[in-house]
Structure formats: C-alpha cells, structure tokens
Amino acid sequence: MKRPKNSHQSPLTFGTGSLMILRRLGAALLVPLGLALAQAPTDGLASQLKDGQTLYFLSCAMCHGDHLEGVSAPALSGPDFKLHYAGLHLLGLSDFIQTEMPLDRPASLSDAEVLAVMAYVLHQNGAKLPSDGLNAAQLDTVIHFEAQP
C-alpha cells in the first residue's frame, strides 16, 4: 500500500492486529533483552505469557524496567515484590492494574490484557499459574510464589 507524500503516519502503527504482529516479533526482540520465560509453560499459558511479555514491554517497562527491576516506579520482582503480594488475592492486583495502570493511560488495558500482564509478571517471579493461563474465574485465588532453589 502506497502512502501519500504528505502522510505523517508511521508505517508501523498500533491498532487491530498489532498485538499478533508484536507477538511474532516478541521472541526475536525481547529474548535478547533477557526477558525469556522462567520455565517452559503449556500452550495455553505460553500464549498468555507471550502476550503478557509484549504488553509489559509496550505498556509497563518504561517505568518498571525491562527486567521488572523498577526505574521510575517500584520493581515488579524480587523479595519486596513477593513479600507485598504473596497471600493476596489475584483480584486485588487485577483491580489495581485495571484502574491505575499504565500511569500515563490508566484503565486503558482490556481485561484479557490485564490478565496477560499479571501472568507474565507473576510467572517471572516464580508464581505457580494454571496450565491454561489466568482467567477471570480465578481472581479469587491467593498469590503463591514457589520457593527458589
């Protein structure tokens, strides 16, 4: 498709179908940054984690860091994160992300996107997740992190 000369629209725009394109690019672009998955998940969870990784990189990493280490916002990994969230229900984390994040566009993520980002962040911290991924029916589940060897 040829663009008019005076068009200022970038050839890479975000909209319908962009997440699928970014998912395909995700492994090539994000794995070298050290964002590889912590363990080998099943297909349903793997798909959700891949979506979550892409969404995290696009919507969260600028404040929380490429490696969840925290930049201008709190770290989303490590002992303090685990201490704060262990024992809480997924609903509390989901509600916070849904209404307050990302800081520059609060409440802009869909329910599925919130679940994907949560799955990615929790998985990177060693949380045990359902093999088919997180869904709304599981939001009453208590967050539990696996002991690190």
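Residues numbered from 1 in each chain as written. Predicted model: local features only at pLDDT ≥ 70, side-chain atom pairs only at ≥ 80, totals over all residues. Heavy atoms only, no water.

Enquirer: What exactly am I supposed to notice about the overall build of the protein here?
Expert: Helix and strand counts for the protein stand at 6 helices and 0 strands. In the protein, the succession of α and β elements from N to C terminus is α-α-α-α-α-α. Counting over 149 residues, the protein shows a buried share of 34%. Partitioning the contacts of the protein with sequence separation of at least 6, the portion at a separation of at least 24 is 58%. For the protein, the accessible surface area stands at approximately 9100 Å², while carbon and sulfur atoms represent 61% of it. (Helix = DSSP H or I, 4+ residues; strand = E, 2+ residues; numbered from the N terminus. Buried < 20%, exposed > 50% of the residue type's maximum accessible area, 1.4 Å probe, protein only. Contact = heavy atoms within 4.5 Å. Areas by Shrake-Rupley, 256 points an atom, 1.4 Å probe, with all protein chains shown as cover.)

Enquirer: Mind showing me how you'd approach the confidence of the model for the protein here?
Expert: Regions with low pLDDT should not have their predicted coordinates read in detail. On average, residues of the protein score 80 in pLDDT, and 71% of them are at 70 or above. Between residues 1–39, whose pLDDT stays under 50, and residues either more than four places distant or in other chains, the model counts 37 contacts. (pLDDT = per-residue confidence, 0-100.)

Enquirer: Before we go on, may I ask you to explain the pattern of salt bridges in this structure?
Expert: Throughout the structure, instances matching the rule amount to 1 salt bridge. R105 is paired through a salt bridge with D104; the nearest N and O atoms lie 3.4 Å apart. Overall, the relative accessible area of 57% leaves D104 in the exposed class. (Salt bridge = Lys/Arg side-chain N within 4 Å of Asp/Glu carboxyl O.)

Enquirer: How do you make sense of the layout of surface pockets when you look at a structure like this?
Expert: Rolled over the atoms, a probe with the dimensions of a water molecule shows which regions are left empty. Taken as a whole, the largest pocket spans an internal volume of roughly 400 Å³. Lining the largest pocket are 24 residues, with H64, P74, L76, F96 and M101 sitting closest to its centre. Listed by contribution, the elements that provide at least two residues to the lining of the largest pocket are helix 2 (43–59), helix 3 (61–64), helix 4 (79–85), helix 5 (90–100) and helix 6 (111–124). Here the lining of the largest pocket gets 4 residues from one element, more than from any other, and that element is helix 4. (1 Å grid on protein atoms, 1.4 Å probe; cavity = no way out; pocket = protein on both sides within 12 Å on 5 of 7 lines; lining within 4 Å. Points joined across faces, edges and corners; volume = space filled by probe spheres on them.)

Enquirer: Just to check I follow, could you spell out the environment of A119 for this structure?
Expert: Assignment of secondary structure puts A119 in helix 6. Between the alpha carbons of A119 and L129 there is a distance of 7.4 Å; along the sequence they are 10 residues apart.

Enquirer: Just to check I follow, could you spell out the packing of helix 5 against helix 6 for this structure?
Expert: Two elements in contact, helix 5 and helix 6, have axes separated by 10 Å at closest approach and are oriented at 120°. Comparing the axis directions of helix 5 and helix 6 gives the class oblique. Judged by the twist between their axes, the crossing of helix 5 over helix 6 is right-handed. Contacts from L90, L93, S94, I97 and Q98 of helix 5 reach helix 6 at D111, V114, M118 and L122. Its residues assigned to classes, the contact of helix 5 with helix 6 comprises 6 nonpolar, 2 polar and 1 charged. (Axes fitted to C-alpha atoms, helices over the stretch in contact; angles between N-to-C directions. Parallel < 35°, antiparallel > 145°, perpendicular 65-115°, else oblique. Left-handed = near helix turned anticlockwise from the far one by under 90°. Nonpolar A, V, L, I, M, F, W, Y, C, P; charged D, E, K, R; others polar.)

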